Amino acid sequence: MRPLLPALDAAGLLREAGFALLLRYRQPIEVTDLAVAVGIDVASAGGAVNALAQEGWVDLDEPGRIVGAAGLSLATGPHRLSLGDAAFRTWCAYDSLGIAAALIADGRVETNCGQCQAPIRLAFRAGNPERDGPDRLWLAEGGADLRGSFCTPTVLLCGEEHGNAWADSQGGRGRLVGLAEAARLGAADWAGCADATKRLS
Ligand SMILES: [Zn+2]
Ligand SMILES: [Zn+2]
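Since the structure is predicted, the reported quantities are computational estimates derived from the model, not experimental observations. (Residues numbered from 1 in each chain as written. Chains lettered and ligands numbered in written order. Predicted model: local features only at pLDDT ≥ 70, side-chain atom pairs only at ≥ 80, totals over all residues. Heavy atoms only, no water.)

## Examining the domain arrangement of the protein
Phase 1 of the analysis: Looking at the assigned domains, one finds that the protein contains domain 1 (10-72 + 190-200) and domain 2 (79-189).
Phase 2 of the analysis: Each of domain 1 and domain 2 was reduced to a C-alpha centroid, and the two centroids are 23 Å apart.
Phase 3 of the analysis: The partner domain 2 presents 20 residues to the 18 residues of domain 1 that form the contact.
Phase 4 of the analysis: Summed over both partners, the interface of domain 1 with domain 2 buries about 1,400 Å², with 68% contributed by carbon and sulfur atoms.
Phase 5 of the analysis: A per-residue breakdown of the area domain 1 buries against domain 2 is headed by Gly71, Leu72 and Trp190, which together make up 47% of the total.
Phase 6 of the analysis: On the surface where domain 1 and domain 2 come into contact, there are two salt bridges.
Phase 7 of the analysis: Run the count over domain 1 and domain 2 and you get nine residue pairs in polar contact (both at pLDDT 80 or more).
Phase 8 of the analysis: Mapped by element, the contributors of at least two residues to the side of domain 1 that touches domain 2 are α1 (10-25), β1 (58-60), β2 (66-69) and α8 (191-200).
Phase 9 of the analysis: Here the side of domain 1 that touches domain 2 is composed, by residue class, of 11 nonpolar, four polar and three charged. (Domains from an automatic or database assignment. Contact = heavy atoms within 4.5 Å. Buried area = accessible area lost by both parts, 1.4 Å probe. Salt bridge = Lys/Arg side-chain N within 4 Å of Asp/Glu carboxyl O. Polar contact = N/O pair within 3.5 Å; in protein donor to acceptor, adjacent residues only side chain to side chain. Helix = DSSP H or I, 4+ residues; strand = E, 2+ residues; numbered from the N terminus. Nonpolar A, V, L, I, M, F, W, Y, C, P; charged D, E, K, R; others polar.)

Okay, here's the thing in C-alpha cells:
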C-alpha cells in the first residue's frame with residue numbers, strides 16, 4: 001500500500017471493508033459478504049473487486065475470495081504482523097507499521113533487513129513502536145505498479161548504514177524515515193481502514 005486519500009469512492013470503500021472483514025474474521029471473504037458490508041449490489045462489487053485485484057489493492061484466492069486488502073494479508077507477503085493473537089502477513093514493511101499504528105494496536109512486526117537479511121522485531125504498544133531506531137524504513141516513491149514499484153522495495157533496514165546502502169541501490173527513488181515517523185504517517189494512511197474496522201465491530 002502507498003499513501004492515499006481517504007476513500008470516497010466505491011473501490012476505496014470496498015478496499016477498506018475488505019481490510020476490516022479480514023481483520024475480524026481472519027478467513028477468506030466472499031465478495032457477497034463484502035458487498036453487504038458496503039451496501040452495494042453484488043454485481044457492482046464483483047466488478048470493482050476484480051479491478052482492485054488487477055491494480056494490486058486486493059488479493060483473491062482461486063475461488064475469488066478476498067485474502068488480502070490494503071496491505072493486510074492472510075497468507076501473502078514477506079513481513080509478519082501479529083495483532084494480539086492473530087497472525088497476518090503484509091505486502092510491505094510500511095503496511096506492518098502503519099496498520100499497527102492506525103489500529104492503536106498491541107502487536108509485533110517481524111521482518112528482515114532489506115540489505116543484510118538480519119532479523120528485525122519491533123513491538124507496538126497502543127500503536128506506538130517500542131523504539132525509534134536504529135532501524136529505518138525505506139519508503140519507496142512508487143509508480144504505476146503498486147506492488148512492484150512500492151511494496152517490494154519498501155523494507156526495514158537494520159540501521160543507518162544499511163539504510164543508506166539500500167537508498168543507493170534504489171537510485172534514491174524514495175526516502176528513509178524513522179520508526180516513529182513511519183508509524184505517524186501510517187496512522188494517517190490507514191485511518192480509513194481503522195474507521196471501517198470500528199464501524200464493523
Ligand atoms: Zn504496502
Ligand atoms: Zn542490515
